[in-house]
There are 2 protein chains.
Amino acid sequence: MNTGIEALDILAEQFARLPGIGRKSAQRLALALLEYTPEDIAAFTAAIGDAKEKIHRCPICENLTDREVCPVCANPARDKSVICVVEDARAVMAFERVRSYNGVYHVLHGLISPMSGITPDTLTLRELLLRLQDDTVKEVIVATGATTEGEATAMYISRLLSPLGIKVTRLAHGIPYGGELEYADEITLSRALEGRRDF
Amino acid sequence: MNTGIEALDILAEQFARLPGIGRKSAQRLALALLEYTPEDIAAFTAAIGDAKEKIHRCPICENLTDREVCPVCANPARDKSVICVVEDARAVMAFERVRSYNGVYHVLHGLISPMSGITPDTLTLRELLLRLQDDTVKEVIVATGATTEGEATAMYISRLLSPLGIKVTRLAHGIPYGGELEYADEITLSRALEGRRDF
């Protein structure tokens, strides 16, 4: 990025570091901020500082929270015998929107990806094992995505937990709701077949 | 945006205010910032503050600059008798990349758009008229985009300048380079016909 205005280039580079922001968008965002009033700028930087300062990981499930313990872990109505293991806070939000899950979570903060240098010990697996030490937990649902990294992580966790004698399950794979068969790819279709059930 | 984490929602709303950032992207950006180290957060907020503090409008052409006068206006080799009037700093950057223009600029910081409450007096037209008061300027090229607002603004400026007796021109409209005739829309094609030239 080279506009000849150093402070603008530095700001655009900062935006370009964020996920999904290309060089052109980054420059556009930087220019948009220059149109802000000083009060708007202060509100924006304060929001960044506040979020970083107030939000931390729940000491139980590792999800992001601004309270001592996250609302899910703190809720006595949630079933503490079922833990749903997910990649990140966004996956928790997705499950919470569905409202049909009443167990608790464990947030890995990543997926195993040797290419990106994310090895099992950078995830919160030690913390997960600690949660399984008493006999509270009866089932662990490994709910990572159906991507290469998601599947590799799921496989790793199922092997890690198998000596503990806890039930380890995974999400069903198959045709998504509203999905037309002719547009389903081969892997989805073969998994839908494999996972077929009685009426 | 409602994640149940107030500081996160506030930050996501801040991102959603920026152009081209939807609610989902805004949440993703906010979550990405939470992964930053405190040093990275400091660098980001400093870049915002710095850009806002150091960058201002050139007192001559109204383009953004971090110097007293922008490099184009300060360059004695640039032809001060031709002013290219553009919507914003990005348009100046686009012209400067082409390198075939040797005149100077005037940045309007917007286009007339009654729907968005942008009237002629919110643009830098007063400043443009002041630049035309001595006899230095021989030609004004109105280089706003070929959109409704761009054309309305161009028309307004040409009428505004006509009593001054300065040559007012506009960019050629026609088939873009690489454009196939069959994909050109009717307006583009009729303008290309209108603007036809001898070989």
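Predicted model only: the values in this text are computed from it and were never measured. (Residues numbered from 1 in each chain as written. Chains lettered and ligands numbered in written order. Predicted model: local features only at pLDDT ≥ 70, side-chain atom pairs only at ≥ 80, totals over all residues. Heavy atoms only, no water.)

Caption draft 1: Inspection of the environment of Leu181 of chain A at higher detail. All names here are of chain A. Relative to the helices and strands, Leu181 is located in the loop between strand E6 (167-170) and helix H8 (186-194). Judged by its relative accessible area of 56%, Leu181 falls in the exposed class. The spacing of Leu181 and Leu18 is 163 residues in sequence and 36 Å in space, taken between C-alpha atoms. Those residues within four positions of Leu181 in sequence are excluded, and the remaining contacts are Ile175 and Leu189. (Helix = DSSP H or I, 4+ residues; strand = E, 2+ residues; numbered from the N terminus. Buried < 20%, exposed > 50% of the residue type's maximum accessible area, 1.4 Å probe, protein only. Contact = heavy atoms within 4.5 Å.)

Caption draft 2: Summary view of helix H3 (residues 38-54) of chain B. Residues and elements named next belong to chain B. Given a rise of 1.5 Å per residue, 17 residues ought to cover 24 Å, and the 24 Å separating the end C-alpha atoms of H3 matches this to within 8%. Turning to H3, its buried residues are Ile41, Phe44, Ala47, Ile48 and Ala51. In an axial view of H3, the angular spread of the buried residues amounts to 125°, which keeps them on one side of the axis. Structural note: H3 exposes Pro38, Glu39 and Glu53 on the side pointing more than 90 degrees away from its buried face. (Expected span 1.5 Å × (residues − 1). Arc of directions from axis to C-beta.)

Caption draft 3: Representation of the interface of chain B and chain A. Between chain B and chain A, the residue contacts involve 48 residues of the former and 48 residues of the latter. Contact between chain B and chain A buries roughly 4,300 Å² in total, counting both sides, with carbon and sulfur atoms accounting for 71%. If you sort the residues of chain B by the area they bury against chain A, Leu34, Ile48 and Lys52 of chain B come out on top, with a joint share of 14%. At the junction of chain B and chain A, the tally comes to 2 salt bridges. (Buried area = accessible area lost by both parts, 1.4 Å probe. Salt bridge = Lys/Arg side-chain N within 4 Å of Asp/Glu carboxyl O.)

Caption draft 4: Expanded view of the relation of the copies chain B and chain A. Superposing chain B onto chain A takes a rotation of 180° plus a shift of 0.0 Å along the axis, which leaves an RMSD of 0.1 Å. Taken together, these values place the two copies in the relation of a two-fold axis. Across chain B, the smallest distance between a C-alpha and the rotation axis is recorded for Thr45 of chain B, namely 2.8 Å. By residue overlap, the copies meet face to face through one surface: 100% of the interface positions of chain B are interface positions in chain A. (Least-squares fit on C-alpha atoms with pLDDT ≥ 70 in both.)

Caption draft 5: A look at the pattern of salt bridges. Residue and element names in this part refer to chain A. Across all of its chains, the model carries 14 salt bridges over all chains by this definition. Of the charged contacts, one joins Glu62 and Arg57 as a salt bridge, the two residues approaching to 3.9 Å between their closest N and O atoms. Accessibility expressed as a relative area gives 37% for Arg57, which makes it partly exposed. Between Asp88 and Arg90 there is a salt bridge; the shortest N-O distance is 4.0 Å. Given the relative accessible area of 38%, Arg90 is considered partly exposed.

Caption draft 6: How the structure looks around the sheet that holds strand E3 (residues 79-86) of chain A. All names here are of chain A. On the basis of which strands lie adjacent, the open sheet formed by 4 strands has the order E4-E3-E5-E6 and parallel pairing. Of all strands in the sheet, those with a lone pairing partner are strand E4 (103-107) and E6, marking the two edges. If you compare each strand with its neighbour and ignore which way they point, the axes differ by 25° on average. Taken together, the 5 bridges between E3 and E4 define a ladder with parallel strand orientation. Across the sheet, Val85 pairs through a bridge with His106, a residue of E4. The sheet contacts of helix H5 (residues 89-98) involve E3 and E4, and relative to E4 the element is tilted by about 160°. (Pairing = 2+ DSSP bridges. Axes fitted to C-alpha atoms, helices over the stretch in contact; angles between N-to-C directions.)

The values reported here are purely geometric and, on their own, carry no functional implication.
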